[in-house]
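# Coordinate inspection notes
So the chains spell out like this:
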Amino acid sequence: MGTQGSQESNEQAHGTGRRALLGAAVLGAGGAVLGLSGAARAADAGYGGGVGSLPVPTVIGHRGASGYRPEHTFGSYQLALDLGADIVEAGDLVPTKDGHLVCRHEPEIGGTTDVADHPEFAARKTTKVLDGVSTTGWFTEDFTLAELKTLRAIERIPANRPHNTLYNGRWEIPTFEEVLKWQDEQTRKRGKQVWIYPETKHPTYFRKLGLGLEERVAKLLRKYGKDKKNSPVILQSFEPTGIQRLNKLVDNPLVVLLSSAGSRPGDFVETGDPRTVADLVTPKGLKEIASYAQGIGPTLDLVVPRDSAGKLTTPTTLVKDAHAAGLILHPYTMRNENPFLPADFRKGSDADAYGDVFGAFKAYFATGIDGVFTDNPDTGLLAREDFVNS
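Keep in mind that this is a model prediction, so the values were computed, not measured.

Attention now moves to the packing of aromatic side chains. In total, this model carries 10 aromatic pairs according to the counting rule given. When the ring of Tyr167 is compared with that of Trp171, the centres are 6.0 Å apart and the planes differ by 25 degrees; the resulting orientation is stacked. Taken together, Phe74, Tyr77 and Trp182 form an aromatic cluster joined through their ring pairs. In this arrangement the basic side chain of Arg124 is found over the ring face of Phe143, its NZ or CZ atom lying 5.0 Å from the centre. The cationic tip of Arg335 hangs over the ring face of Phe340; the distance from NZ or CZ to the ring centre is 5.0 Å.

Across the sheet, seven strands lie side by side as β4-β3-β7-β8-β9-β10-β11; this open sheet has mixed pairing. Edge positions in the sheet fall to β4 (101-103) and β11 (328-329), since each of these pairs with one other strand and no more. Pairing of strand β8 (residues 235-237) with strand β9 (residues 254-258), which is carried by three bridges, proceeds in the parallel orientation. What sits directly across from Gln236, in β9, is Val255. Its contacts with the sheet place helix α8 (residues 213-223) against β3 (92-95), β4, β7 (199-200) and β8, and it is angled at close to 90 degrees to β4.

Now for the side chain of His105. Along the polypeptide, His105 turns up in the loop between β4 and β5 (126-130). Residue His105 is classed as buried on the basis of its relative accessible area, which comes to 5%. Engagement of the side chain of His105 in a polar contact is seen with the side chain of Arg63, the distance being 3.2 Å.

Now for the pattern of salt bridges. Inspection of the entire model under this criterion finds 27 salt bridges. One salt bridge connects Glu147 with Arg124, and the closest N-O pair in it is separated by 2.8 Å. On the criterion of sequence distance, the pair formed by Glu147 in helix α5 (residues 145-148) and Arg124 in the loop between β4 and β5 is long-range, its members being 23 residues apart. Measuring nitrogen to oxygen at the nearest pair gives 3.1 Å for the salt bridge that ties Lys208 to Glu270. With a gap of 62 residues between them, Lys208 in helix α7 (residues 203-208) and Glu270 in helix α10 (residues 266-271) connect regions that are remote in the sequence. Owing to a relative accessible area of 60%, Lys208 belongs among the exposed residues under this scheme. Judged by relative accessible area, Glu270 falls into the partly exposed class, the value being 44%. Among the charged side chains, a network of salt bridges with common partners joins Arg63, Glu71, Asp92, Glu106, Arg156, Glu199 and Lys201.

Criteria and thresholds
Residues numbered from 1 in each chain as written. Predicted model: local features only at pLDDT ≥ 70, side-chain atom pairs only at ≥ 80, totals over all residues. Heavy atoms only, no water. Phe/Tyr/Trp six-rings, centres within 6.5 Å; stacked < 30°, edge-to-face > 60°. Lys NZ or Arg CZ within 6 Å of the ring centre and 35° of its normal. Pairing = 2+ DSSP bridges. Helix = DSSP H or I, 4+ residues; strand = E, 2+ residues; numbered from the N terminus. Contact = heavy atoms within 4.5 Å. Axes fitted to C-alpha atoms, helices over the stretch in contact; angles between N-to-C directions. Buried < 20%, exposed > 50% of the residue type's maximum accessible area, 1.4 Å probe, protein only. Polar contact = N/O pair within 3.5 Å; in protein donor to acceptor, adjacent residues only side chain to side chain. Salt bridge = Lys/Arg side-chain N within 4 Å of Asp/Glu carboxyl O.

Rendered as structure tokens:
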């Protein structure tokens, strides 16, 4: 998950069935107030191994445990599991020149790998227009998988996470297929189902290059038997048409990501659809999303807006409206460091110092969200424990 627009940040029968499966999660914080565990609530509601079996609110390791390790590496994914994340966002999926899917925050890899230190790739540096934004750097679609495997991951935001730079150069770029194998291996080792939450990045952009993402994702999920409605793989994208395409290819739970209210999804810009995210979060827009997806991943600001000073204001009706449409909400992204927190929860002015993140978690959990993406899964789990037992 990540930058889209300005933000960092067919009613098929199987679609309806998948939404029913997620119904337990829509119990949201209501059950939590009674002090019941999410897993217990889901079990009580009679939902088996699907999304309904996950604890609520669900703690999702954003790009792994990226508060502590360079994102989208097996070091980050592994740590997220070790810290207890319910789901690992293993895979912002982008393609290579030869059609493999790899895990990077964006197709531009200058900020997340050591590619700039490789003189043999200096000539690959270029400028492209990505969803309307001119971007300069190195792009995965200009490299073969073998070439990408010679690179190593680095910390994306070293000013906020200088301690993560300790691990620069330690891990290579994972492929989605390697992630699927890792998921099975970790499930066996831990005796507990490991969940992943991959995202297709800029699907319209890549489709125009002849590197369609959805078909590649579906093919790999089918190969590993993970394309069913109960499969432990939730798929997400900022492009509604990409989710609609996936809805025809696989039975997995699907989530539409939503950036800032005034932004437009990249596919809407491409096709001339004038609607903004603000249109998608109306009851009408949510009902339409519910015809092909089971959830939404809104930015936290769509759940509780901030004022001009950056402080939290009154929650919107998004949680209530989404639940009324039968959708779950997994907003993004909770981070411990001051700059990423609402102003009322910051402590001091250091860019890499932690603020009152527990206070912020409490405010967001109180809205009834069904889960949250966080770079710090251990913090999220403690915050959930506080919330459920309060």
